[in-house]
Amino acid sequence: MEKRRTAPVKLEVDSSDVALLHDTVDEFLWAANYVTRHAFEGEYVTTSKTTLHHDTYEDVREETALHSNQVQAARNKAAEACKSVVEKWKQGKKASMPHFTSPHLVYDHRTATFHDQYVSLATTDGRIEAHYVLPDKERDTPHTEYFFSDEYETTGAELHYTNGNWMLHIHCKKEMELDTSEQDATENGTVLGVDLGVNNLAVASTGTFWTGDEFDHWRREYENQRGDLQEHGTRWAHENIQAVGRKEEGRFKITLHRISNELVAEAREYGCSVIAFEDLTDIRERTGASWGHKWAFNRLYEYVEYKAAEYGIGVEQVDPENTSRRCSHCGFTHPDNREGEEFRCLKCGYENHADYNAAKNIGLRYLRRNQTGSGGGAPVGVRLNSGTVNANGEYESPGDDSARAGVHAESPRL
Ligand SMILES: [Zn+2]
């Protein structure tokens, strides 16, 4: 897989080159606007890059002195802007023909060469060189770290002119090996705790719920069909029961694949290095789950395990004891803390959905188990939908308050 980052770097442009750079930017914007106008000329808006290329490339080459790759970049900009207008129309929203005014210019590896101290940029009249403006202390900031890291490769950049400054937004990428399991993913490693159950098939410590409705519906349907067939008692009926079984199993598996994909996506989105489940061995005894549920939990676990491995995310099982009775906020453990889907701590009063409280506990258990051991590379917290909670139960709010809709948020009591 690839990891992509953008590093904004200020450029020092020689006064003799400033006019040339402005010219290049102007021609780039002219090209993007020319292609856009063309796209809007017919009865339908043209969004195909290939069609737009055929229709406009020669004209733009003739009218401008842009490098051929800049002509293509301008056409891509135009095509994407037109596509998003058409998307908006489809959603019944208003949108008018795009017009590019903000001064910028797209570079790729053919039109820019990135050196240690400076960049060489193609213009409408040959190349210019511009030094990076980077006080030493800025070399260690998160953005520039990628740019100066040998592990990252620069793939291109976008030049912007804002408030009298030339800024180069440099795109970097790093190839990640698949078998470095925790190493890369643990940069900001956190644990995603996952609780499995009957009402909700899975609940993550980020507050995302996957209900068991679909599963229950299919299971009932399957059992009804099987019941009907069993009444016949013939060999034909027997074979049909098996066919229904295979078909239903296939449909359950599709759902479980979807849920496992979403769980792994959740872990990736939140930068989790580990997904922790409870030990599945005695889950039927603990949760009153049916054989069907146990079968589903095992499949789900398997799917998550191999899908997560592709992204270097580990999948682990922890001791399930008391994860549903323990308060994830203060640690007080009592059977009466939980009543059905409600969790209310008798000691500190923490309230939340019982499955969500359990998901947090599963994450915390993994965290505690691993903090006393190996050390380096161990995750630092359990991922909640905003922020993390560490092994001591201390809550850290996130840098940005990106609240998500449709999820169980951490209760304001924290
Ligand atoms: Zn409590």
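All figures in this text were calculated on a predicted structure; none of them were measured in a lab.

Draft legend 1. Just the packing of helix α1 (residues 15–39) against helix α3 (residues 68–90), in detail. In the contact formed by α1 and α3, the axes pass within 8 Å of each other and the chain directions differ by 45 degrees. As summarised for this structure, α1 and α3 are arranged oblique, according to the angle between their axes. In the packing of α1 onto α3, the handedness of the crossing is right-handed. Across from Thr24, Phe28, Ala31, Ala32, Val35, Thr36 and Ala39 in α1, the residues of α3 making contact are Gln70, Ala73, Ala74, Arg75, Lys77, Ala78 and Cys82. Among the residues forming the contact of α1 with α3, the class breakdown is nine nonpolar, three polar and two charged.

Draft legend 2. Here's a closer look at the coordination of the zinc ion. For the zinc ion, every protein donor is listed as Cys327 (SG), Cys330 (SG), Cys345 (SG) and Cys348 (SG), and the spread of their distances is 2.2 to 2.3 Å. Read in sequence order, the donor residues for the zinc ion give the motif C-x2-C-x14-C-x2-C. You can see Cys330 sitting in the loop between β12 (314–318) and β13 (338–339) and its partner Cys345 sitting in the loop between β14 (342–344) and β15 (351–353), a full 15 residues away along the chain. Since its relative accessible area comes to 35%, Cys330 is described here as partly exposed. Residue classification places Cys345 among the buried positions, given a relative accessible area of 1%.

Draft legend 3. Examining the sheet that holds β13 more closely. Read from one edge to the other, the open sheet built from three strands follows the order β13-β14-β15, with strand pairing classed as antiparallel. Two strands bound the open sheet, and with one partner strand each, they are β13 and β15.

Draft legend 4. Looking closely at the pairing of strand β8 (residues 190–196). The element β8 is largely enclosed, with a buried count of seven among its seven residues. Taking every second residue as pointing to the same face, both faces of β8 are buried, with Thr190, Leu192, Val194 and Leu196 on one and Val191, Gly193 and Asp195 on the other. Across four bridges, the pairing between β8 and strand β11 (residues 272–278) is parallel. By the bridge assignment for β11, Gly193 is matched with Ala276. Alignment of β8 against strand β16 (residues 381–383), held across two bridges, turns out to be parallel.

So, how was this worked out
- Residues numbered from 1 in each chain as written.
- Predicted model: local features only at pLDDT ≥ 70, side-chain atom pairs only at ≥ 80, totals over all residues.
- Heavy atoms only, no water.
- Axes fitted to C-alpha atoms, helices over the stretch in contact; angles between N-to-C directions.
- Helix = DSSP H or I, 4+ residues; strand = E, 2+ residues; numbered from the N terminus.
- Parallel < 35°, antiparallel > 145°, perpendicular 65-115°, else oblique.
- Left-handed = near helix turned anticlockwise from the far one by under 90°.
- Contact = heavy atoms within 4.5 Å.
- Nonpolar A, V, L, I, M, F, W, Y, C, P; charged D, E, K, R; others polar.
- Donors = N, O, S within 2.8 Å, 3.2 Å for Na, K, Ca; no water.
- Buried < 20%, exposed > 50% of the residue type's maximum accessible area, 1.4 Å probe, protein only.
- Pairing = 2+ DSSP bridges.

Geometry only, nothing functional implied.
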